[in-house]
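Structural overview for review
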Amino acid sequence: MAASTLRARWGSGPWAGTLRSAAIGCVLMAILMVLPSFLSLYWLRLLTSVLMLAVIAQGMNAMAGFVGYPAFGNVVFFGIGAYGTALAIAAGFALGPALLFGAIPAGGLALAVGPLLLRLRGHYFAIATLGLNEVVSALAANLSGLTGGAAGLSLPLGAGTAGDAAQRAYVGFATLFAASLLLGIFLRDSRFGYGCRAIRSNEEAAEATGVPTLRVKSIAWMLSALLTAVAGGLYARWVGFIEPSLVFDMAISVKAFVMFLLGGAGTVFGPLIGALLIESATTLAWSHLLKLHLLVLGVTIMLVVLLLPDGAQGFVARHWPTVRDRLRRRS
Amino acid sequence: MLLDVQDVSVQFGGLRALNRVSFGVQEGEIVGLVGPNGAGKSTMVNAVSGALGRHRGRITFAGRDISGLAPSRIAEMGLVRTFQLVQPFRGLTAIECVTLGALYGSGNDRPTSVPAARHLAEQVLDFAGLSAVAGLACDTLNASQRRRLEIARALAARPKLILLDECLSGLNSSEIDQGIALVRAIRERGIAILIIEHMVRVMATLADRIVVLDRGEKIADGPADEVLTDRRALGIYFGTTA
Ligand SMILES: Nc1ncnc2c1ncn2[C@@H]1O[C@H](COP(=O)(O)OP(=O)(O)O)[C@@H](O)[C@H]1O
Ligand SMILES: [Mg+2]
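Description of the structure in this document. Quantities reported herein were computed from a predicted structural model and do not represent experimental measurements. (Residues numbered from 1 in each chain as written. Chains lettered and ligands numbered in written order. Predicted model: local features only at pLDDT ≥ 70, side-chain atom pairs only at ≥ 80, totals over all residues. Heavy atoms only, no water.)

This part takes up the overall build of chain A. Counting its regular elements, chain A contains 16 helices and 2 strands. In summary, chain A has a C-alpha radius of gyration of 20 Å against a globular reference of 20 Å for 331 residues, a match within 12%. Summarising its shape, the C-alpha atoms of chain A cover approximately 70 × 55 × 45 Å along the three principal directions. Long-range pairs, those at least 24 residues apart, make up 77% of the contacts in chain A between residues at least 6 apart in sequence. (Helix = DSSP H or I, 4+ residues; strand = E, 2+ residues; numbered from the N terminus. Rg over C-alpha atoms; globule rule 2.2 N^0.38 Å. Contact = heavy atoms within 4.5 Å.)

If you want it as structure tokens, here you go:
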């Protein structure tokens with residue numbers, strides 16, 4: 001079918017935006033599938049961590065971006081996912097089922113405390129989620145009989161070389177990344193997504209229009225928790241050793257928060273863009289300005305937040321029409 | 001009786017905003033709720049729509065007790081309100097606001113997909129005279145368009161009863177005429193309306209019955225022509241704007 005026919009049929013229909021995002025997602029996934037054959041182990045690992053951060057940032061975006069609830073303490077689900085999965089692997093489960101042992105408790109926790117915490121708004125909700133992370137991380141550190149406590153938990157090595165393990169981790173995170181894009185499209189375009197965006201925009205009016213706000217918020221947080229927990233589980237398998245201070249580290253949440261804001265809050269691809277930008281900046285600063293890299297990172301973040309208040313995707317959306325018109329006129 | 005309010009009282013600290021008020025709205029009827037500022041009209045809308053949480057007395061809608069239900073549950077039953085202070089959904093376009101009403105709102109004839117809801121929203125926007133601004137962000141609309149967008153969002157929710165809290169205030173005379181025509185057209189669809197408005201002209205042309213509140217008390221309730229010909233009391237009924 002010719003591109004013009006396709007555009008006539010889909011370009012302006014009710015699902016136009018959804019199909020466009022799905023198409024971009026497919027192209028991205030195709031690139032991610034062929035990329036490993038061109039990359040050294042170093043770059044493969046770097047790309048894997050970009051994908052992992054993009055997934056965690058999407059989990060943050062789901063709550064803070066789409067629903068408007070800054071779930072700062074979301075790293076708690078990463079930690080729960082990491083511990084649940086690691087313990088299941090240690091007990092002899094394969095990775096697939098083991099991930100469920102991380103995801104189900106994380107999703108269950110979000111559903112259980114959501115109806116309570118999600119009555120709080122803004123800063124209060126943010127602080128409550130920080131508290132949740134402190135509580136769970138203290139539990140992980142103190143239940144040493146189960147978790148190994150502060151000393152951490154080592155996993156048996158997987159089969160094959162270090163390169164094989166890196167490949168497996170890459171495939172795992174790339175798959176999860178695809179799921180995170182689907183979640184973003186769902187949160188933007190579905191009925192449920194309309195409910196989420198209405199809550200972010202005006203919760204009282206949303207409730208008056210018939211959106212069961214508490215239920216929608218809780219389910220959105222559960223979806224965010226599931227995604228983040230599977231990322232934690234894959235991370236545990238990837239690095240083979242976890243401890244509370246590593247997987248319940250607030251720095252992970254902060255990074256995820258900066259990334260989704262930078263890429264564009266409440267957008268499908270924003271978290272990936274943010275993760276790419278921040279990780280490249282960090283890597284560059286790390287290799288060239290070892291002593292100053294935190295300073296460089298901090299200044300970059302401040303500049304970007306000041307100059308791109310609606311994120312990179314918003315910036316492009318704002319300026320693309322003018323750029324396109326100029327290009328057209330020239331050609 | 002579609003809506004039946006029995007002995008409803010609301011207390012805000014030391015202030016009794018509503019004192020044992022009873023009234024009803026029949027299917028397809030337009031009831032005007034009038035009274036000076038601070039009489040308790042918006043408080044009544046908040047109590048009926050569930051926004052208040054707690055009140056004393058009994059409120060039934062379509063035969064079911066709705067006291068204490070969440071506003072979303074009440075909306076789902078077909079009782080939808082607008083706000084006196086317009087509540088725009090910042091960041092959503094006009095068509096998205098109305099699509100939201102179609103996707104949630106009443107459980108009756110709810111569109112089963114987002115495109116179907118969008119289609120319904122297009123029709124409702126057209127009905128409310130807002131087709132031209134469908135794609136604009138709803139916080140960029142002017143006062144009159146915002147008021148009509150509120151009504152359109154409520155209409156897309158396919159209500160049995162719609163509560164309009166001063167949906168014509170702040171509009172100029174020709175905009176008010178458009179608003180009156182819109183409210184009439186809504187009634188012709190068989191939707192009952194509880195309308196709060198200060199202007200005698202609006203009440204005289206629209207309301208079948210009028211309920212008058214003053215300082216939380218109901219002081220009159222009857223057919224519109226009777227209540228409106230009670231000349232001496234008009235000053236009290238409509239406050240200073242009469
Ligand atoms: N949430 C509230 N808390 C305290 N007092 C309130 C609240 N809402 C309304 N009131 C008071 O209740 C009275 C009735 O207000 P309202 O119902 O808004 O009046 P009306 O809509 O008839 O102008 C006023 O004195 C108002 O100040
Ligand atoms: Mg009022």
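Time to look at the overall build of chain B. Helix and strand content of chain B: 9 helices and 10 strands. Taking 2.2 N^0.38 as the reference for a compact globule, 242 residues should give roughly 18 Å; the C-alpha atoms of chain B span a radius of gyration of 17 Å, in line with that estimate. C-alpha atoms of chain B, sized along the principal axes, occupy 50 × 40 × 35 Å. Relative to its full complement of 242 residues, chain B shows a buried share of 56%. Residue pairs in contact within chain B that sit at least 24 positions apart in sequence constitute 66% of those at least 6 positions apart. Of the roughly 9,900 Å² of accessible surface on chain B, 48% is carried by carbon and sulfur atoms. Distance from the positive charge centre (27 side chains) to the negative charge centre (25 side chains) of chain B: 5 Å. (Buried < 20%, exposed > 50% of the residue type's maximum accessible area, 1.4 Å probe, protein only. Areas by Shrake-Rupley, 256 points an atom, 1.4 Å probe, with all protein chains shown as cover. Lys, Arg positive; Asp, Glu negative; His and termini not counted. Charge placed at Lys NZ, Arg CZ, Asp CG, Glu CD.)

Residues and elements named next belong to chain B. Near ligand 1 you find Phe12, Leu15, Ala17, Pro36, Asn37, Gly38, Ala39, Gly40, Lys41, Ser42 and Thr43, and these make up its full shell. One of the backbone N or O atoms of Ala39 is found 3.2 Å from an oxygen atom in ligand 1. A distance of 2.8 Å separates an oxygen atom of ligand 1 from a polar backbone atom of Lys41. For ligand 1, whose unbound accessible area comes to 560 Å², protein coverage reaches 58%. Residue assignment for the shell around ligand 1 shows that the elements contributing at least two residues are β2 (15-25) and α1 (41-49). It is α1 that provides the largest number of residues to the shell around ligand 1, a total of 3 residues. Among the residues making up the shell around ligand 1, the classes are represented as 5 nonpolar, 5 polar and 1 charged. (Near = heavy atom within 4 Å. Polar contact = N/O pair within 3.5 Å; in protein donor to acceptor, adjacent residues only side chain to side chain. Nonpolar A, V, L, I, M, F, W, Y, C, P; charged D, E, K, R; others polar.)

Further remarks concern the coordination of the magnesium ion (ligand 2). Residues and elements named next belong to chain B. Coordination sphere of the magnesium ion (ligand 2), protein contribution only: Ser42 (OG) and Gln84 (OE1), at 2.1 Å. In this pair, Ser42 is assigned in helix α1 and Gln84 in the loop between β6 (79-81) and α3 (94-103), connecting sequence segments 42 residues apart. Exposure remark for Ser42: the relative accessible area of 23% places this residue in the partly exposed category. (Donors = N, O, S within 2.8 Å, 3.2 Å for Na, K, Ca; no water.)

Moving on: the environment of A:Leu284. Residues and elements named next belong to chain A. As for its position among the elements, Leu284 is in helix α14 (residues 270-288). Taking the relative accessible area as the measure of exposure, Leu284 reaches 53% and is therefore exposed. Along the sequence, Leu284 and Glu243 sit 41 residues apart, while their C-alpha atoms lie 28 Å from each other.

Residue and element names in this part refer to chain B. Alignment of strand β1 (residues 3-12) against β2, held across 7 bridges, turns out to be antiparallel. Bridge pairing in β2 places Leu3 opposite Val25. Linking two consecutive strands that pair antiparallel, namely β1 and β2, is a turn of 2 residues; a positive phi of about 60 degrees is found at Gly13 within it. (Pairing = 2+ DSSP bridges.)

This brings us to the packing of helix α3 (residues 41-67) of chain A against helix α11 (residues 213-239) of chain A. All names here are of chain A. With their axes 9 Å apart at the nearest point, α3 and α11 run at an angle of 165 degrees to one another. In terms of orientation, α3 lies roughly antiparallel with respect to α11. Note on packing geometry: the crossing formed by α3 with α11 is left-handed. Taking contact as the criterion, the partners of Arg45, Thr48, Ser49, Met52, Val55, Ile56, Gln58, Gly59, Ala62, Met63 and Val67 in α3 are, on α11, Lys217, Ala220, Trp221, Ser224, Leu227, Thr228, Ala231, Tyr235 and Trp238. (Axes fitted to C-alpha atoms, helices over the stretch in contact; angles between N-to-C directions. Parallel < 35°, antiparallel > 145°, perpendicular 65-115°, else oblique. Left-handed = near helix turned anticlockwise from the far one by under 90°.)

All names here are of chain B. In this structure, Arg158 takes a positive phi of about 50 degrees despite not being glycine. One non-glycine residue, Arg215, adopts positive backbone phi at about 45 degrees. Judged by relative accessible area, Arg215 falls into the exposed class, the value being 68%.

Where strands meet in a sheet, backbone hydrogen bonds hold them as pairs that are either parallel or antiparallel. Residues and elements named next belong to chain B. If you trace the 6 strands from one edge of the open sheet to the other, you get β6-β7-β8-β3-β9-β10, paired in mixed fashion. Two strands bound the open sheet, and with one partner strand each, they are β6 and β10 (217-223). Across this sheet, the average inter-strand angle for adjacent strands is 15 degrees, counted without regard to direction. Bridging between strand β7 (residues 161-165) and strand β8 (residues 192-196) involves 5 bridges; their strand directions are parallel. Bridge assignment links Leu161 to a residue of β8, and that residue is Ala192. Against the sheet, helix α5 (residues 143-156) engages β6 and β7, with an angle of about 160 degrees to β7. The sheet contacts of helix α6 (residues 173-188) involve β3 (30-34), β7 and β8, and relative to β8 the element is tilted by about 155 degrees.

For the rest of this paragraph, the subject is the nonpolar core. Counting residues in each nonpolar core, the largest one holds 148 residues, and the members touching the most others are A:Met63, A:Phe78, A:Phe177, A:Trp221, B:Phe89, B:Leu149 and B:Ile210. Both of domain 1 (3-78 + 160-238) and domain 2 (93-158) of chain B provide at least three residues apiece to this core. Setting aside residues up to four positions removed in sequence, A:Met63 forms contacts with A:Gly68, A:Tyr69, A:Ala71, A:Leu118, A:Phe125, A:Lys217, A:Ala220, A:Trp221 and A:Ser224. By size, the runner-up hydrophobic cluster in this structure holds 29 residues, among which are B:Val8, B:Met44, B:Ile74 and B:Leu213. (Core = buried A, V, L, I, M, F, W, Y, C linked by side-chain atoms within 4.5 Å. Domains from an automatic or database assignment.)

The quantities given are spatial measurements derived from coordinates; they are silent on function.
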